[in-house]
Amino acid sequence: MESLTPQQIRESFVNCSRADAEELPLPPGMHEVDWSRREYLGWRDPRLPQRGYVVVPTADGPVGIVLKASEASMRSHAPSMCGWCQDVHFTRDVYFWSARRAGQAGRNGDTVGTLVCGGFECSENVRRTPPPQYVGFDPDRVVEDRIAGLAERAGRFAATVVGARI
Ligand SMILES: [Zn+2]
């Protein structure tokens, strides 16, 4: 994804108030982010364990989304598959996150949900060397396909959050 300034990140949020967007904690270690190896930016709120933030690039610019993890999914630690990176090789914590939709729909209480890695490690997951069952395939091609799939699924979620904006 293209690099973003702190101000661009704050301005990208679509499902919280302007004041909330100005207050939210920026991603830790932002100066170290390798943007070329990220399909989206995701981070947790250090003060609010259930709160997460993602910024997803779309054709209409970056879309920032405030997410809330369901307590049940945070407690269970059951192996589940992340809906974005579809990583199945490690049983990492995957949480069910919900997002208030943008605009009037969100103000009416409309939310959308998705299963995503609890630490938003999707971009690292898709770049791991493919496992042995991929022998015979071109590993670079496998990684490229996974990267494209991650970008598409994250983008689709962002579109769903924004789509209801009135
Ligand atoms: Zn993931």
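In what follows, the structure referred to is the one given above.
Note that this is a predicted model, so its numbers are computed, not measured. Residue numbers restart at each chain and count upward from 1, following the sequence in its written direction. Given that the model is predicted, a residue must reach a pLDDT of at least 70 before its local features are reported, and side-chain atom pairs must reach 80 or more before they are shown or counted; all residues, however, enter totals for whole chains, interfaces and linings. Side-chain metrics in this entry use all non-hydrogen atoms of the structure; hydrogen atoms and water are not considered.

As for the overall build of the protein
Helix and strand assignments come from DSSP, with helices taken as H or I runs of at least 4 residues and strands as E runs of at least 2, each series counted from the N terminus. Broken down by element type, the protein carries 6 helices and 5 strands. N-terminal to C-terminal, the α/β element order of the protein is α-α-β-β-β-α-β-α-β-α-α. Relative to the globule expectation of 15 Å for 166 residues, the C-alpha radius of gyration of the protein, 16 Å, shows essentially globular dimensions. In terms of overall dimensions, the protein has C-alpha extents of about 50 × 35 × 30 Å along its principal axes. When accessible area is computed with a 1.4 Å probe and restricted to protein chains, residues below 20% of their type maximum are described as buried, those above 50% as exposed, and intermediate ones as partly exposed. Evaluated residue by residue, the protein yields a buried proportion of 45% over its 166 residues. Pairs at least 24 apart in sequence give 58% of the contacts found in the protein among residues at least 6 apart. Throughout, the Shrake-Rupley method with a 1.4 Å probe supplies accessible areas, and for residues the shown protein chains are the sole cover considered. Surface summary for the protein: the accessible area is close to 9,100 Å², and the carbon and sulfur share equals 51%. Atoms counted for the radius of gyration: C-alpha only. Globule rule: 2.2 Å times the number of residues to the power 0.38. Contacts are assigned to residue pairs that have any heavy atoms within 4.5 Å of one another.

As for the nonpolar core
We define a nonpolar core as any set of buried Ala, Val, Leu, Ile, Met, Phe, Trp, Tyr and Cys residues linked to one another through side-chain atoms lying within 4.5 Å. Counting 29 residues, the largest nonpolar core has Tyr40, Ile65, Trp84 and Cys122 as the members making the most contacts within it. Mapped onto this core, the elements with two or more residues apiece are strand E2 (51-58), strand E3 (61-69), strand E4 (94-100), strand E5 (111-117), helix H5 (122-126) and helix H6 (139-163). With residues near it in sequence (within four places) discarded, Trp84 still touches Tyr40, Val54, Val56, Thr114, Leu115, Val116, Cys122, Gly149, Leu150, Arg153, Ala154 and Phe157. Within the second largest apolar cluster, 14 residues are counted, among which are Ile9, Leu24, Val33 and Val66.

Considering the coordination of the zinc ion
Distances from the zinc ion to its protein donors, Cys82 (SG), Cys85 (SG), Cys117 (SG) and Cys122 (SG), fall within 2.3 Å. Metal donors: N, O and S atoms at distances within 2.8 Å, or within 3.2 Å for Na, K and Ca, with water omitted from the atom set so that some sites may seem incomplete. Key to geometry: four donors with every angle between 85 and 135 degrees are tetrahedral; four donors are square planar and six octahedral where opposite donors lie over 155 degrees apart and all remaining angles lie between 65 and 115; all other sites are irregular. Every donor counted, the 4 donor atoms about the zinc ion form angles of 104 to 118° at the centre, which fits tetrahedral coordination. Mapped onto the sequence, the donors of the zinc ion take the spacing C-x2-C-x31-C-x4-C. One end of the pair, Cys82, is in the loop between helix H3 (71-76) and E4; the other, Cys122, is in helix H5, with 40 residues separating them in the sequence. Assessed through its relative accessible area of 1%, Cys82 is described here as buried.

Details of a negative patch on the surface
Patch definition: residues above 30% relative accessible area lacking any salt bridge, with like charges linked at up to 9 Å and the nonpolar side chains Val, Leu, Ile, Met, Phe, Trp and Tyr linked at up to 5 Å. Whenever a carboxyl oxygen of Asp or Glu lies within 4 Å of a side-chain nitrogen of Lys or Arg, that contact is scored as a salt bridge. Note on charges: Lys and Arg go in the positive column, Asp and Glu in the negative column, and His and the chain ends are not counted at all. By convention, the point assigned to a charge is CZ for Arg, NZ for Lys, CD for Glu and CG for Asp. A contiguous patch of negative charge, built from Glu11, Asp20, Glu22 and Glu23, is present on the exposed surface. Per element, the largest residue contribution to the negative patch is 3 residues, and it comes from helix H2 (residues 18-23). Within the element layout of this structure, Asp20 appears in helix H2. For Asp20, a relative accessible area of 45% translates into the label partly exposed.

Some words on the side chain of Asn15
Position of Asn15 among the secondary structure elements: in the loop between helix H1 (6-12) and H2. The class for Asn15 is buried, based on a relative accessible area of 4%. For Asn15, the side chain forms a polar contact with the main-chain nitrogen of Val66, separated by 2.8 Å. Between N or O atoms, a polar contact is any pair within 3.5 Å; within protein, one atom must be a potential hydrogen donor and the other a potential acceptor, and residues adjacent in sequence are included only when both atoms are from side chains. Engagement of the side chain of Asn15 in a polar contact is seen with the backbone oxygen of Arg100, the distance being 2.9 Å. Discounting chain neighbours no more than four positions away, the residues touching Asn15 are Gly64, Ile65, Val66, Ala99, Arg100, Arg101 and Ala102.

Notes on the environment of Tyr53
Among the structural elements, Tyr53 can be located in strand E2. Accessibility expressed as a relative area gives 2% for Tyr53, which makes it buried. Once the C-alpha coordinates of Tyr53 and Cys82 are considered, the two residues, 29 residues apart in sequence, prove to be 16 Å apart. Residues in contact with Tyr53, not counting those within four places in the same chain, are Phe13, Leu24, Pro25, Leu41, Gly42, Trp43, Asp45, Ile65, Val66 and Phe120. A polar side-chain atom of Tyr53 sits 2.7 Å from a polar atom in the side chain of Asp45.

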